[in-house]
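Residue strings, one per chain:
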Amino acid sequence: MVTNKQVVTDKHRDLAGKLNDIKLYIDGEFVNAEENGTFENISPFTNEKINNIASGQSADIDKAVKAAKKAFKGEWGQMKQAERLNYIYKIGDLIEEHTDEIAFLESLDTGLPINQTKKQVSRSASNFRYYADTVKSQLYGEAYQVDDEFINYSIRSAVGVAGLITPWNAPFMLETWKIAPALATGNTVILKPAEWSPLTANRMAEIIDQAGLPDGVFNIVHGFGETAGDALVKHPVVQLISFTGETTTGSTIMKNGADTLKRFSMELGGKSPIIVFEDADLDRALDAATWGIFSFNGERCTANSRLYLHEDIADQFIEKLKERVANIKVGDPLDEETQVGPLIHTTHYNNVKNYLEIAAEEGCEVISGYIPEDLNRGNYVAPTILMNATNEMRVVQEEIFGPVIAVMTFRDEEEVVEKANDVRYGLAGYVWTNDIKRGHRVAQAIESGMLWVNSQNVRDLRTPFGGSKHSGIGREGGYYAFEFYTETKIIHVSINDHHIPQLGK
Ligand code: NAD
């Protein structure tokens, strides 16, 4: 008898065999890399090859940059705003039309559960529409009346060729966060997707191709960070780099882009705290804490990976958390019922496993959930709780980026704020309390770019997104993205005969 599980598993194999190899997308065409190099794209579920990916190098980046520059100087740069934004709306519509298929590819490629990737894809469609709307309504300059002598006014224009470098953890959605504002404000784009998750990036190229954007406006160069990524960062024509990824990579990129004076947006790593006070709605806090670390397989930059529990409620909370962890459904990412899938790649799997060993060596009790036996070919790490953790441990200080939560207790507000801030990261933070004053106070005291009070990570597209400390530089999201993707120019116009010194007269 064929079981449901087997059907889904067979689907991985079938698809793996049927998917076309992936090319670069440059100047409106799908092309091989100049040197014809490829690399293998591996399934996180089977660890078998899915397909081959063209491996771009500096010659491909150069070709893409030339195409993007030409498009910027030409048709795209001169296009009326309404016409440009129609293309952006159309991309949003096409994404929505193909949501299930894109989600399917994303789960196949990354191991993220399909019921979660579907939501990410539909959010991606909204993002294009949001930026088309927002450019129309909020991309404007200012005017300054200077007595009866001048009017000064500012305008915002596209910067030019934008380099976008993205990670593998929520690839499609994170790519759209950059592509939508970059294109909507009139730039042209070269995307360098993460090498472990190329499938949906390529689907994006197909959608943009179908939407009919002029050649060269959007380009994809697949390849490795040290080759394709590096060439993009160092290219003199590329004026801005929006990067999302690890903190150490961000710092390398900033060094490498310094000679060509790049403008950077940096969305980096995190080790975010969730603080539960004794008066909180504990059931909702438990839901949020569990979702916040185990959704997206724990490969989530804003994951609440450090749980601080008030001493009075710690025991009861931990007991329920253990029950949740034991019951989380670890499974095939293509199965609608799955809550946690396999990690992206064996290298990352080994890193996360290594952290579990470090946790035990540092004195944590490591409590893990259940992985069904038939999943032994995938990169599965069970949802895990690290008990008896303390702030100075590596597993509390360093980003693990897997389904692993470190649990600690506290006695009072001052102590927990100090502990929450005692890491190099500052991306997100979550506070649970029914004391309204305390909620605001603690949220304001935590050194992070984004805080939630009595809430899981729900984000309105209008709000700024980004981190402080080692979690990032700058903000994207909402109209904040305009600061990055546009150049502000001030124009001073004399309307009277103001004084001009007459040297040498
Ligand atoms: P990574 O830094 O290894 O890679 C990210 C991208 O950078 C990839 O496309 C890679 O090829 C490229 N790259 C690597 N070296 C490069 C170089 N020298 N020059 C140019 N490009 C280079 O990150 P990852 O492992 O793909 O992603 C996980 C990390 O991303 C985690 O730290 C996570 O917290 C972070 N992240 C942050 C946010 C945020 O918004 N702050 C969101 C998602 C993920």
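Residues numbered from 1 in each chain as written. Predicted model: local features only at pLDDT ≥ 70, side-chain atom pairs only at ≥ 80, totals over all residues. Heavy atoms only, no water.

Overview of the overall build of the protein chain
- Assigned secondary structure in the protein chain consists of 17 helices and 22 strands.
- Relative to the 2.2 N^0.38 estimate, which gives 23 Å for 505 residues, the radius of gyration of the protein chain is 24 Å and therefore close to what a compact globule would have.
- Each principal axis of the C-alpha distribution contributes one length, and for the protein chain these read about 85 × 55 × 40 Å.
- In the protein chain, buried positions account for 57% of the 505 residues. (Helix = DSSP H or I, 4+ residues; strand = E, 2+ residues; numbered from the N terminus. Rg over C-alpha atoms; globule rule 2.2 N^0.38 Å. Buried < 20%, exposed > 50% of the residue type's maximum accessible area, 1.4 Å probe, protein only.)

Overview of the nonpolar core
- Ile-91, Ile-95, Ile-179, Leu-183, Met-204, Leu-213 and Phe-218 are the most contacted members of the largest nonpolar core, which totals 58 residues.
- The dominant element in this core, judged by the number of residues it contributes, is helix α6 (residues 114-138), at 8 residues.
- Residues contacting Phe-218, with those up to four places away along its chain left out, are Tyr-25, Ile-179, Val-189, Leu-191, Met-204, Ala-205 and Ile-208.
- Core analysis: the next-biggest nonpolar cluster, separate from the first, contains 41 residues, Ile-293, Ile-313, Tyr-380 and Tyr-430 among them. (Core = buried A, V, L, I, M, F, W, Y, C linked by side-chain atoms within 4.5 Å. Contact = heavy atoms within 4.5 Å.)

Some points on helix α9 (residues 225-234)
- Among the residues of α9, Ala-228, Gly-229, Asp-230, Ala-231, Leu-232 and Val-233 are the ones counted as buried.
- In this structure, the buried side of α9 is in contact with α2 (58-73), β7 (161-165), β8 (188-192), β10 (240-244) and α10 (247-257).

Brief notes about the domain arrangement of the protein chain
- Entries for the protein chain in the domain assignment read domain 1 (13-268 + 471-489) and domain 2 (273-453).
- The gap between the C-alpha centroids of domain 1 and domain 2 is 31 Å.
- Between domain 1 and domain 2, the residue contacts involve 26 residues of the former and 34 residues of the latter.
- Across the contact surface, domain 1 and domain 2 share 2 salt bridges.
- Residue Glu-48 is joined to Arg-377 by a salt bridge in which the shortest nitrogen-to-oxygen separation is 3.0 Å.
- For the side of domain 1 that touches domain 2, the secondary-structure elements that each account for two or more residues are α5 (99-110) and α6. (Domains from an automatic or database assignment. Salt bridge = Lys/Arg side-chain N within 4 Å of Asp/Glu carboxyl O.)

Some details on a nonpolar patch on the surface
- Side chains of Ile-151, Tyr-153, Ile-155, Val-493 and Ile-495 sit close together on the surface and give an oily, nonpolar patch of about 360 Å² of accessible area.
- Its place among the elements puts Val-493 in strand β22 (residues 486-494).
- The exposure class of Val-493 is partly exposed, given its relative accessible area of 30%. (Patch = residues over 30% accessible without salt bridge, like charges linked within 9 Å, V, L, I, M, F, W, Y side chains within 5 Å. Areas by Shrake-Rupley, 256 points an atom, 1.4 Å probe, with all protein chains shown as cover.)

So, the packing of α5 against α6
- Interaxial distance between α5 and α6 falls to 8 Å at its minimum, and their mutual angle equals 125°. Taken together, the axes of α5 and α6 lie oblique to each other. Taken as a pair, α5 and α6 cross one another with a handedness that is right-handed. Touching Thr-99, Asp-100, Ile-102, Ala-103, Phe-104, Glu-106 and Ser-107 of α5 are Ile-114, Thr-117, Lys-118, Val-121 and Ser-122, all from α6.
- Looking at side-chain class alone, the contact of α5 with α6 contains 5 nonpolar, 4 polar and 3 charged residues. (Axes fitted to C-alpha atoms, helices over the stretch in contact; angles between N-to-C directions. Parallel < 35°, antiparallel > 145°, perpendicular 65-115°, else oblique. Left-handed = near helix turned anticlockwise from the far one by under 90°. Nonpolar A, V, L, I, M, F, W, Y, C, P; charged D, E, K, R; others polar.)

A few points about the site of the ligand
- Around the ligand there are 29 residues in total, and Lys-192, Glu-195, Thr-249, Leu-268 and Glu-399 lie nearest to it.
- A distance of 3.3 Å is found between an oxygen atom of the ligand and a backbone nitrogen or oxygen belonging to Gly-225.
- For the ligand, the protein covers 93% of the area, taking 850 Å² as the surface of the free molecule.
- Of all the secondary-structure elements, those providing two or more residues to the shell around the ligand are α9, β10 and α10.
- Here the shell around the ligand takes 4 residues from α9, the largest share from any one element.
- Two domains share the shell around the ligand, each providing at least three of its residues, namely domain 1 (13-268 + 471-489) and domain 2 (273-453). (Near = heavy atom within 4 Å. Polar contact = N/O pair within 3.5 Å; in protein donor to acceptor, adjacent residues only side chain to side chain.)

Details of the pattern of salt bridges
- Evaluation of the coordinates by the stated rule reveals 24 salt bridges.
- A salt bridge links Glu-413 to Arg-441; the nearest nitrogen and oxygen atoms lie 2.8 Å apart. Within this pair, whereas Glu-413 is found in helix α15 (residues 413-421), its partner Arg-441 is found in helix α16 (residues 436-445), the two being separated by 28 residues in sequence.
- Using a relative accessible area of 21% as the deciding quantity, one classes Glu-413 as partly exposed.
- Overlapping salt bridges, with partners in common, bring together Asp-93, Glu-96 and Arg-129 in one network.

Here's the deal with the sheet that holds strand β14 (residues 365-368)
- A sheet is described by the order of its strands in space; here 7 strands give the open sequence β14-β15-β16-β13-β12-β18-β19, paired in mixed fashion. In the strand order of this sheet, the two ends are held by β14 and β19 (450-453), each with one partner. Going from strand to strand, the sheet's axes swing by 20° on average, the running direction of each strand aside.
- When strand β12 (residues 273-276) meets strand β18 (residues 428-432), the two strands line up parallel, connected through 3 bridges. Looking at β18, one finds that Ile-274 is bridged to Tyr-430.
- Of the strands in this sheet, β12, β13 (306-310) and β16 (404-410) are in contact with α15, which crosses β13 at around 175°. (Pairing = 2+ DSSP bridges.)

Some points on the pairing of β19
- Burial along β19 is one-sided: the face carrying Met-450 and Trp-452 is buried and the face carrying Leu-451 and Val-453 is not.
- By the bridge criterion, 4 bridges tie β18 to β19 in an arrangement that is parallel. Paired with Tyr-430 across the strands is Trp-452, a residue of β19.
- Between β18 and its parallel partner β19, the chain crosses via α16, and the hand of that crossover is right-handed. (Right-handed = clockwise from strand over helix to strand, strands pointing away.)

Here we look at the side chain of Asn-379
- On the secondary structure map, Asn-379 appears in the loop between β14 and β15 (384-387).
- Sequence-distant contacts of Asn-379, that is, excluding residues within four places in its chain, are made with Pro-44, Asn-47, Pro-342, Leu-343, Ile-344, His-345, Thr-346 and Tyr-349.

Some words on the packing of α5 against helix α8 (residues 199-211)
- Two numbers describe how α5 lies on α8: the axes approach to 8 Å, and their chain directions differ by 155°. By the angle class used here, α5 and α8 are roughly antiparallel. Facing Glu-101, Ile-102, Leu-105, Glu-106, Leu-108 and Asp-109 of α5, the residues of α8 in contact are Leu-199, Thr-200, Arg-203 and Ile-207.
- Looking at the contact of α5 with α8 residue by residue, the classes come out as 5 nonpolar, 1 polar and 4 charged.

Concerning the sheet that holds β22
- Strand order across the open sheet formed by 3 strands is β5-β6-β22, with antiparallel pairing between neighbours. A strand with exactly one partner marks an edge of an open sheet, and here the two such strands are β5 (143-146) and β22. Each adjacent strand pair in this sheet contributes to an overall mean axis angle of 20°, direction not counted.
- In terms of strand pairing, β5 meets strand β6 (residues 150-158) through 4 bridges, oriented antiparallel. Looking at β6, one finds that Tyr-144 is bridged to Asn-152.

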